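Survey of secondary and tertiary structure
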Amino acid sequence: MVLASVPAEYYLVLSAAVFCTGLFGILTRENALMFLMSVELMLNAANINLVAFAFFWQNVTGQVFALFTMALAAAEVAIGIGIILVVYRNFEGVDVTEATTLKW
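Here the structure is a predicted model, which is why all the values come from computation and not from measurement. (Residues numbered from 1 in each chain as written. Predicted model: local features only at pLDDT ≥ 70, side-chain atom pairs only at ≥ 80, totals over all residues. Heavy atoms only, no water.)

**Some remarks on the overall build of the protein chain**
- What the protein chain contains, in helices and strands, is three helices and zero strands.
- Starting at the N terminus and walking to the C terminus, you meet the elements of the protein chain as α-α-α.
- Evaluated residue by residue, the protein chain yields a buried proportion of 21% over its 104 residues.
- Looking at the protein chain alone, contacts between residues at least 24 apart form 57% of all its contacts between residues at least 6 apart.
- Carbon and sulfur atoms provide 73% of the accessible area of the protein chain, an area that totals close to 7500 Å². (Helix = DSSP H or I, 4+ residues; strand = E, 2+ residues; numbered from the N terminus. Buried < 20%, exposed > 50% of the residue type's maximum accessible area, 1.4 Å probe, protein only. Contact = heavy atoms within 4.5 Å. Areas by Shrake-Rupley, 256 points an atom, 1.4 Å probe, with all protein chains shown as cover.)

Here it is in structure tokens:
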């Protein structure tokens, strides 16, 4: 028997709000650090869904996937910060619209 005091819809609404905030940040920001933070918000929204559904279905699979997503997010941040440092050294800023000159 599941004793859930918070309905599943609340978790889904929270996840949708966090995901939309991240999507808005990706579409409107030009700063690469804000871009990375927005991607992290979107990954966290997916994690909220995975953990919420794992709780309500009494299954551990969603929590395991959430752990893998967190590991993926950590690797993404490490590589992303390395790329941002290279862009900052070459262009003296982290504006993602200036990096188009790196093309062939």
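**What to know about the side chain of Asn 47**
- Assignment of secondary structure puts Asn 47 in helix H2 (residues 32-56).
- Overall, the relative accessible area of 9% leaves Asn 47 in the buried class.

**Considering the confidence of the model for the protein chain**
- Residues of the protein chain with pLDDT of at least 70 account for 89%, and the chain-wide mean is 86.
- The lowest-confidence element of the protein chain is helix H3 (residues 61-91), averaging 89 in pLDDT; the highest-confidence one is helix H1 (residues 8-28), averaging 94. (pLDDT = per-residue confidence, 0-100.)

**Section: H1**
- Compared with an ideal rise of 1.5 Å per residue, which puts 21 residues at 30 Å, H1 spans 30 Å between its outermost C-alpha atoms and is within 8% of the ideal.
- For H1, every residue scored as buried is listed here: Ser 15, Val 18, Gly 22 and Gly 25. All buried residues of H1 project into a common sector of 85° when viewed along the axis, lining one side. Set apart from the buried face of H1 by more than 90 degrees, the exposed residues are Glu 9, Val 13, Phe 24 and Leu 27. (Expected span 1.5 Å × (residues − 1). Arc of directions from axis to C-beta.)

**Looking at the packing of H2 against H3**
- At a minimum axis separation of 9 Å, H2 and H3 run at an interaxial angle of 175°. By the angle between their axes, H2 is roughly antiparallel relative to H3. Note on element contacts: H3 touches H2 through Gly 62, Gln 63, Phe 65, Ala 66, Thr 69, Met 70, Ala 73, Glu 76, Val 77, Gly 80, Ile 81 and Ile 84, opposite Ala 32, Leu 33, Leu 36, Val 39, Glu 40, Leu 43, Asn 47, Leu 50, Val 51 and Ala 54.
- Here the contact of H2 with H3 is composed, by residue class, of 15 nonpolar, five polar and two charged. (Axes fitted to C-alpha atoms, helices over the stretch in contact; angles between N-to-C directions. Parallel < 35°, antiparallel > 145°, perpendicular 65-115°, else oblique. Nonpolar A, V, L, I, M, F, W, Y, C, P; charged D, E, K, R; others polar.)

**As for the packing of H1 against H2**
- The N-to-C vectors of H1 and H2 enclose an angle of 165°; their axes lie 7 Å apart at closest approach. Here H1 is positioned roughly antiparallel relative to H2, judged by the angle of their axes. In this structure, H1 meets H2 at a crossing whose hand is left-handed. Where H1 approaches H2, its residues Ala 8, Tyr 11, Leu 12, Leu 14, Ser 15, Val 18, Phe 19, Thr 21, Gly 22, Leu 23, Gly 25 and Ile 26 are matched on the opposing element by Phe 35, Ser 38, Val 39, Leu 41, Met 42, Ala 45, Ala 46, Ile 48, Asn 49, Ala 52, Phe 53 and Phe 56.
- Counted by class, the contact of H1 with H2 contains 18 nonpolar, six polar and no charged residues. (Left-handed = near helix turned anticlockwise from the far one by under 90°.)

**What to know about a nonpolar patch on the surface**
- Together, Val 60, Val 64, Phe 65 and Phe 68 line one region of the surface with nonpolar side chains, adding up to about 410 Å² of accessible area.
- Of the residues examined, Phe 65 reaches a relative accessible area of 47% and is grouped as partly exposed. (Patch = residues over 30% accessible without salt bridge, like charges linked within 9 Å, V, L, I, M, F, W, Y side chains within 5 Å. Salt bridge = Lys/Arg side-chain N within 4 Å of Asp/Glu carboxyl O.)

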